[in-house]
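# Remarks on the overall topology
One letter stands for each residue in the lines below.
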Amino acid sequence: MAVLHGAAITLLAKYAVYHPTDQALPVSLALAVLVGAAALWSALDAWRGLPDRGRVWFIAALVAGPVAGILYVIGRAVFVDQTGVSELGGALTGGAAFSALLVLIPAGLGLFVGGRIGRSQRSGEEPRA
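Being a predicted model, the structure only gives us computed values, none of them experimental. (Residues numbered from 1 in each chain as written. Predicted model: local features only at pLDDT ≥ 70, side-chain atom pairs only at ≥ 80, totals over all residues. Heavy atoms only, no water.)

### Considering the overall build of the protein chain
- When its secondary structure is counted, the protein chain shows five helices and zero strands.
- Secondary structure elements of the protein chain, listed N to C terminal, follow the sequence α-α-α-α-α.
- Rg of the C-alpha trace for the protein chain: 18 Å, well past the compact-globule value of 14 Å for 129 residues, more than 25% over.
- With the C-alpha coordinates of the protein chain rotated into their principal frame, the extents come out at 65 × 30 × 20 Å.
- Per-residue burial for the protein chain yields a buried fraction of 32% across its 129 residues.
- Taking the contacts inside the protein chain whose residues are at least 6 apart along the sequence as the reference set, 78% of them involve residues at least 24 apart.
- Side chains of the protein chain carry 9 positive and 7 negative charges; the gap between the two charge centres is 7 Å. (Helix = DSSP H or I, 4+ residues; strand = E, 2+ residues; numbered from the N terminus. Rg over C-alpha atoms; globule rule 2.2 N^0.38 Å. Buried < 20%, exposed > 50% of the residue type's maximum accessible area, 1.4 Å probe, protein only. Contact = heavy atoms within 4.5 Å. Lys, Arg positive; Asp, Glu negative; His and termini not counted. Charge placed at Lys NZ, Arg CZ, Asp CG, Glu CD.)

### Let's talk about the packing of aromatic side chains
- Under the definition given, this model contains one aromatic pair.
- Judged by centre distance (5.6 Å) and plane angle (85°), the ring pair of W41 and W57 falls under edge-to-face. With W41 in helix α2 (residues 24–48) and W57 in helix α3 (residues 53–81), the pair connects residues that are 16 residues apart, well separated along the chain.
- For W41, a relative accessible area of 46% corresponds to the partly exposed category.
- Exposure remark for W57: the relative accessible area of 4% places this residue in the buried category. (Phe/Tyr/Trp six-rings, centres within 6.5 Å; stacked < 30°, edge-to-face > 60°.)

### Side note on α3
- For α3, built from 29 residues, the straight-helix expectation of 42 Å at 1.5 Å per residue is met to within 8% by its first-to-last C-alpha distance of 39 Å.
- For α3, the principal kink sits at G75 and spans about 30°.
- Those residues of α3 that sit buried are W57, A61, A64, G65, A68, G69, Y72, V73, G75, R76 and V80. (Expected span 1.5 Å × (residues − 1). Bend = angle between axes of the 7 residues up to and from the residue.)

### Here we look at the UniProt feature "transmembrane region" (unreviewed entry) in the protein chain
- According to UniProt, the positions carrying the feature "transmembrane region" (unreviewed entry) are residues 26–44, 56–79 and 91–113.
- Segment residues 26–44 splits into 100% helix and 0% strand. End C-alpha atoms: 27 Å apart.
- Taken end to end, residues 91–113 is 96% helix and 0% strand, and its first and last C-alpha atoms sit 31 Å apart. (UniProt positions renumbered as here; feature names shortened; annotations may be inferred.)

### A short note on the nonpolar core
- Counting residues in each nonpolar core, the largest one holds ten residues, listed as M1, A2, A38, A46, W57, A61, A64, V103, A107 and L111.
- When residues of this core are traced back to their parent elements, those giving at least two are α2, α3 and α5 (94–124).
- When sequence neighbours within four positions are dropped, the list of residues in contact with A61 reads A100, V103 and L104. (Core = buried A, V, L, I, M, F, W, Y, C linked by side-chain atoms within 4.5 Å.)

### So, the environment of G108
- Here G108 lies in helix α5.
- Residues G108 and D52, spaced 56 residues apart in sequence, show a C-alpha to C-alpha distance of 13 Å.

This is the structure we're talking about:
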């Protein structure tokens, strides 16, 4: 998830260089992809019945935030505008918190929905003799 978030933020920064006034649609699409990926992945984990999936997604959100921030600064320095280490503070505070929430909230929703889908299919099956 951290790599996906870092790549998305870097691509948005690169797009903003060439199209500074037209950013509404790309930002909306990027957020939809990030939310959808976390929700779908966590729903699949819940549907498969993986143990400790809630704790795993909580830790994943905590790790994804700072790692996505670091990857964003590296990606922006390499591909966009040679950003320096001065951007790291903002990426590790506000940016990391936003990325963590962008993983945690959809993952919680996906775990809830995936768990319900798994139970409804399992409860509809007839018991084996």
